[in-house]
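This is what each chain is made of:
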Amino acid sequence: MSSLISSLVYSISPTSFSGNSTSCPRRRSTAICFPIARATTLLHAAKHTVDTYIKSGMVIGLGSGRASGMAIQYLGHLLHAGALKDIVGIPMSVASANEAAKAGIPLEKYEDGSQIDFAFDDADIIEQKTLIGIIGRQNMQGEESIIQEKSILNAADKHVFMVTEKQYKGTLDGSIPVVVQSLNWMETAEEIDDMFLGDAEVWRRSSIGQAGPLGGDFPLITREGHNVLDVIFTSPIQSLAEVAESLDKVNGVVDHGIVYKFPLGAHS
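Everything quoted here is computed from the prediction, not taken from an experiment.

Caption draft 1: Broad picture of the overall build of the chain. When helices and strands are counted, the chain shows six helices and 15 strands. Counting every position in the chain, which comprises 268 residues, the buried fraction comes to 52%. Counted over contacts in the chain with a minimum sequence separation of 6, partners at least 24 positions apart contribute 76%. Carbon and sulfur atoms make up 49% of the accessible area of the chain, which totals about 12700 Å².

Caption draft 2: Inspection of helix H1 (residues 41-53) at higher detail. Between its first and last C-alpha atoms H1 spans 18 Å; for 13 residues at 1.5 Å apiece the expected length is 18 Å, and the two agree. Taken as a whole, H1 has its buried residues at Thr-41, Leu-42, Ala-45, Ala-46, His-48, Thr-49, Val-50 and Tyr-53.

Caption draft 3: Structural context of the sheet that holds strand E15 (residues 258-259). What the four strands build is an open sheet, ordered E10-E7-E8-E15; its pairing is mixed. Looking at which strands have only one partner, the edges of the open sheet turn out to be strand E10 (168-169) and E15. For strand E7 (residues 125-127) and E10, the ladder comprises two bridges, and the chain directions are parallel. The residue of E10 that forms the bridge with Ile-126 is Tyr-168.

Caption draft 4: Layout of helix H6 (residues 240-248). Residues of H6 that are buried: Leu-240, Val-243, Ala-244 and Leu-247. Each buried residue of H6 lies within a common arc of 100° when the element is viewed along its axis, so the set occupies one face.

Caption draft 5: Spotlight on the packing of H1 against helix H2 (residues 66-81). Remark: H1 packs on H2, axes separated minimally by 8 Å, with the N-to-C direction vectors making an angle of 50°. It follows from the interaxial angle that H1 and H2 lie oblique. Judged by the sense of rotation from one axis to the other, the crossing of H1 with H2 is right-handed. For the pair formed by H1 and H2, the contact residues are Leu-42, Leu-43, Ala-46, Lys-47, Val-50 and Asp-51 on the first element and Arg-66, Ala-67, Met-70, Ala-71, Tyr-74, Leu-75 and Leu-78 on the second. Grouping the amino acids of the contact of H1 with H2 by side-chain chemistry returns ten nonpolar, no polar and three charged.

Caption draft 6: Structural context of the packing of aromatic side chains. Tallied over the entire structure, the rule returns two aromatic pairs. Look at Tyr-53 and Phe-118: their rings are 5.4 Å apart centre to centre, the planes differ by 25°, and that puts the pair in the stacked class. In this pair, Tyr-53 is assigned in helix H1 and Phe-118 in strand E6 (residues 116-122), connecting sequence segments 65 residues apart. On the basis of relative accessibility, which here comes to 1%, the residue Phe-118 falls in the buried class.

Each value, and the rule that gives it
- Residues numbered from 1 in each chain as written.
- Predicted model: local features only at pLDDT ≥ 70, side-chain atom pairs only at ≥ 80, totals over all residues.
- Heavy atoms only, no water.
- Helix = DSSP H or I, 4+ residues; strand = E, 2+ residues; numbered from the N terminus.
- Buried < 20%, exposed > 50% of the residue type's maximum accessible area, 1.4 Å probe, protein only.
- Contact = heavy atoms within 4.5 Å.
- Areas by Shrake-Rupley, 256 points an atom, 1.4 Å probe, with all protein chains shown as cover.
- Expected span 1.5 Å × (residues − 1).
- Pairing = 2+ DSSP bridges.
- Arc of directions from axis to C-beta.
- Axes fitted to C-alpha atoms, helices over the stretch in contact; angles between N-to-C directions.
- Parallel < 35°, antiparallel > 145°, perpendicular 65-115°, else oblique.
- Left-handed = near helix turned anticlockwise from the far one by under 90°.
- Nonpolar A, V, L, I, M, F, W, Y, C, P; charged D, E, K, R; others polar.
- Phe/Tyr/Trp six-rings, centres within 6.5 Å; stacked < 30°, edge-to-face > 60°.

Shown next as structure tokens:
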């Protein structure tokens, strides 16, 4: 299994870039290259991802977000034109399922053990030195699932994140979503708050706008019946991997939005 990152650029590959880029940093089987940003680069990145990594007969994990939506539309166009065939999509969200249905992409539901050849997705941010990503920062509806999105990415033989240069950062800040059991969510929140004391605030996500640290009268309930805590860092995040490993040890934490487990067999 390998992980690949596709930036919102004219064209990239794991070893080269045909455009206005000066470098293509690599880590293991991951590549990311940046030219001068232009408004049209998002569509180019979506097309490049589909053209480069998707072949007939594949099972594809379909991500969420603006770039992923464009990639889904383009994939549907290629299927309709006959350039690709026998593609099956596994959507990561209700939004990607709806987009794929409109594009005419045959769909299957994700299940544990699903064999996925390739997946693409938008990421909220990428840690420059490690290429670890964060997903799930954006407000989501109750039927969406960070757990499913992350499970599909981890199940894929290869996956690509499509990000802008501004989302590829050496110094990280902002929030990390954490999915927690709803019954004792406050005890879990207090343990996380103590863990990052002085560096972060912990707010329960509301289903309706901003509602304060406790999530108001209508806290977000995920499709699995869990709450979402936003761990909002007020100091720079020194290491996403260390944050992820710390969160994994907290009782009541079901999952989080850090995608950090690279395959043991990957190489630089």
